[in-house]
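# Reading the structure
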Amino acid sequence: MGKIIGIDLGTTNSCVAVMEGNEPVVIPNEEGKRTTPSVVAFLDNGERKIGDPAKRQAITNPTRTISSIKRFMGNRFSEVGTEVGRVPYKSIKGDNDTVRIEIDGRKYTPQEISAMVLQKMKKTAEDFLGTEVTEAVVTVPAYFNDSQRQATKEAGEIAGLKISRIVNEPTAAALAYGLDKKGLDQTIAVFDLGGGTFDISILELGDGVFEVKSTNGDTHLGGDDFDQVLIDFLAETFQAQENMDLRKDPMALQRLKDAAEKAKIELSSSTETEVNLPYVTAVDGVPKHLVVKISRAKFESLAAELVERSLTPCAEALKDAGLDKSEIDEIILVGGSTRIPKIQEVVEKFFGKKANKSVNPDEVVALGAAIQGGVLSGDVQDVLLLDVTPLSLGIEVMGGVYDVVIEANSTIPTNKQKTYSTAADNQPSVEIHVLQGERPMAKDNRPIGKFVLSDIPPAPRGTPQIEVTFDIDANGILSVSAKDKGTNKEQSIRIEASTGLSEEEIARMKAEAEANADSDKLAKERVEKLNAADSLVFQTEKQIVEYGDKIPAEKKEAIEKAVVDLKEAHKTEDMSAIDTHTETLNTAWQAASQDIYAATQEAGGAEGTESDTGANAGSSEDEDVQDVEFEEVDEKG
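Source: prediction; values computed, not measured.

It is worth spelling out the pairing of strand 20 (residues 393-397) at this point. As paired strands, strand 20 and strand 21 (residues 401-406) are joined by five bridges and run antiparallel to one another. Directly across from Gly394, in strand 21, lies its bridge partner Val404. The hairpin formed by strand 20 and strand 21 contains three residues between the paired strands, and Gly399 there has a positive phi angle of roughly 85 degrees. For strand 20 and strand 24 (residues 430-436), the ladder comprises three bridges, and the chain directions are antiparallel. Each residue of the ladder has a partner; that of Ile395, found in strand 24, is Val434.

Below you can see the structure in the form of structure tokens.
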């Protein structure tokens, strides 16, 4: 069985790791970095850039550079109004209220964009391992609902990866933290504040068993929101000075985004920073600059509401786990945003103890995913992971009431049954409306699927017995079935969210992703061929200058002609002509090289005799110099 890699598919950065022996290791990307920005860019020539190269060109190409796509995964367009207004690229409403990203007239699903990032992580792992990778464990925020988990699985399939398991990010972090602490019995809280999402999980560790007691969170709270308060502050400061809103200009907005992120990072280590953006825009042809000083205290006051929002889920998680703050042995900080001093301060104040900073917040989730990959492939023994479902699942019953079948924080995989009946006499069918959430009325919860059980024999209301079974697998993905006990007729549904993709769409996108991978490879080969031709021309011209007098005239002419032809082919980027002329030039050089060697050896022989005499003549002087040096060393000794 091949290696199963672990991928932390993050909002702002992604990371890939694999088990090497008994240890999980993070795999650096082509640029040598251990994390890769979750950014995809589309260029004029149809080329795509992913990761750091995409992030670097974002300012000059803001409307075709896509970041923070994870915030749209599995969401309806009506649920992400705030995010749509914040991003410089064009997000539009697709069929069934889905989100689509429009680039050059083509509409991409969030799953396709995420698949491009996953493809990059897959390639990073393949380059490192030297073999093809087909399976991965991918992490998601613990508070992701069913649709968002489905969307993540679909992204993996499009990228050509079989998602062996979807693991909650805080659980993965706990795995990485506790792998070498199997002998300890501990209750830990994992506080995971990433680029776009926030999770808190309470776990019990002991004897290699990692049991999640409860989980809570907010899928719309993360580093992006902390950046946004700074973006708004900078934009409003500029607007007060110049009466112009920079957020309406995609390029200026991208520069603000960049500056806000840098300022936020800087304020984690210093108490003041300066945002200096020269030529940020022009008013009536006059260039305008943005220069603003921000203190840490100002940033903390701007972000106070966000910091507070992270504490409510902590209290809820403790309550659901039936634990007191004092019963928590360790608090593990995960996610880049936990580097913000104010976050650390309020977490330590809330739990009443110092947070544990022994793990790298950017890499620990990927390491945990790699460990779970090792568990699934049999490389890691004596580790058992018991995760929970973050939200309650149930169906709509008469009067629009939400009836819970599986409670939140139930250990998964799990299977529950409930029996229902008809609401009217001689009712021929029942519609099973599956929902996820914690509110008492159906309309306030998130609909995740509908199906109909038909052909119920005519009977008075309340007589037919309809048994509804909910089944959640280890990935936290739901299947529902309904059975009429009278006729044994059964109808089941694998919940494919309305935001999900059909199998045909996944197959089509997978084929496109593979085709793109091939075209990316061809584009790379093309560039390499052009570079090789350019290099060959340069080397040849240099060697003609150096050895031209040692080559017979007719052979020199053949080389010079081949160089001219190759230069022309390089200029027109004619690949087949480049191949032909490269071969011609190499052949011409081979023919001439024998003459160069012969001429060099003759010259070398003659010089050799002369230099021998010269050496003998000067030998006594050399010896004198040597003696003097030797005596000096002696004196020092």
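There's plenty left to go through after this.
This part covers the packing of helix 5 (residues 169-178) against helix 12 (residues 364-377). Where helix 5 contacts helix 12, the axes come no closer than 7 Å and their chain directions differ by 80 degrees. If you check the angle between helix 5 and helix 12, you find them roughly perpendicular. For the pair formed by helix 5 and helix 12, the contact residues are Glu169, Ala172, Ala173, Leu175 and Ala176 on the first element and Val364, Val365, Leu367, Gly368, Ala369, Ile371 and Gln372 on the second. Grouping the amino acids of the contact of helix 5 with helix 12 by side-chain chemistry returns nine nonpolar, two polar and one charged.

Taken together, the three strands give an open sheet; going across it, the order is 8-9-10, and neighbouring strands pair in antiparallel fashion. Two strands lie at the open edges of the sheet, namely strand 8 (90-93) and strand 10 (106-108), each paired on one side alone. Strand-to-strand twist in this sheet, taken as the mean axis angle between neighbours without regard to direction, amounts to 40 degrees. As paired elements, strand 8 and strand 9 (residues 99-103) share four bridges and run antiparallel to each other. Across the sheet, residue Ile92 finds its bridge partner in strand 9, namely Arg100. Along the sheet, helix 3 (residues 110-129) makes contact with strand 9 and strand 10, crossing strand 10 at roughly 75 degrees.

Looking at the secondary structure, you find Ser337 in the loop between strand 18 (330-334) and helix 11 (341-351). Discounting residues that sit within four places of it in the chain, Ser337 has contacts with Leu193, Gly194, Gly222, Gly223 and Ile343.

Domain annotation of the protein chain identifies domain 1 (5-222 + 305-387), domain 2 (223-304), domain 3 (391-494) and domain 4 (503-598). With 20 residues of domain 1 at the interface, the matching set in domain 3 holds 15 residues. Here domain 1 meets domain 3 over a buried area of about 1,500 Å², counting both sides, of which 42% is carbon and sulfur. Of all residues in domain 1, Arg76, Asp146 and Asp387 give up the largest surface area on contact with domain 3, accounting jointly for 31% of the area buried on that side. Summed over the shared surface of domain 1 and domain 3, the result is one salt bridge.

All right, on to the pattern of salt bridges then. For the structure shown, the criterion picks out 45 salt bridges. A salt bridge links Glu135 to Lys162, with the nearest nitrogen and oxygen atoms 3.8 Å apart. Taken together, the residues span a long stretch of sequence, with Glu135 in strand 11 (residues 135-140) and Lys162 in strand 12 (residues 162-168) at a distance of 27 residues. With a relative accessible area of 18%, Glu135 lands in the buried category. Asp362 is paired through a salt bridge with Arg339; the nearest N and O atoms lie 2.9 Å apart. Taken together, the positions of Asp362 in the loop between helix 11 and helix 12 and Arg339 in the loop between strand 18 and helix 11 put the pair 23 residues apart, joining distant regions of the chain. Note on Arg339: relative accessible area 39%, which makes it partly exposed. Connected via shared salt-bridge partners are Glu30, Glu31, Lys120, Lys123 and Asp127.

Within this structure, the stated rule accounts for five aromatic pairs. Measuring from centroid to centroid gives 4.9 Å for Phe42 and Tyr108, while their planes differ by 35 degrees, and the two rings are tilted. Note that Phe42 is positioned in strand 5 (residues 40-42) and Tyr108 in strand 10, a separation of 66 residues in sequence. With centroids separated by 6.4 Å and ring planes inclined at 65 degrees, the aromatic side chains of Phe226 and Phe299 adopt a geometry described as edge-to-face. Of this pair, Phe226 sits in helix 6 (residues 223-242) while Phe299 sits in helix 8 (residues 296-302); the two residues are 73 residues apart in sequence, bridging distant segments of the chain. Accessibility assignment for this pair places Phe226 and Phe299 in one class, buried. When the ring centre of Tyr108 is taken as reference, the NZ or CZ atom of Arg106 above it lies at 4.2 Å. Over the aromatic face of Phe350 sits the side chain of Lys325, whose NZ or CZ is 4.2 Å from the ring centroid.

Basis of the calculations
- Residues numbered from 1 in each chain as written.
- Predicted model: local features only at pLDDT ≥ 70, side-chain atom pairs only at ≥ 80, totals over all residues.
- Heavy atoms only, no water.
- Pairing = 2+ DSSP bridges.
- Helix = DSSP H or I, 4+ residues; strand = E, 2+ residues; numbered from the N terminus.
- Axes fitted to C-alpha atoms, helices over the stretch in contact; angles between N-to-C directions.
- Parallel < 35°, antiparallel > 145°, perpendicular 65-115°, else oblique.
- Contact = heavy atoms within 4.5 Å.
- Nonpolar A, V, L, I, M, F, W, Y, C, P; charged D, E, K, R; others polar.
- Domains from an automatic or database assignment.
- Buried area = accessible area lost by both parts, 1.4 Å probe.
- Salt bridge = Lys/Arg side-chain N within 4 Å of Asp/Glu carboxyl O.
- Buried < 20%, exposed > 50% of the residue type's maximum accessible area, 1.4 Å probe, protein only.
- Phe/Tyr/Trp six-rings, centres within 6.5 Å; stacked < 30°, edge-to-face > 60°.
- Lys NZ or Arg CZ within 6 Å of the ring centre and 35° of its normal.

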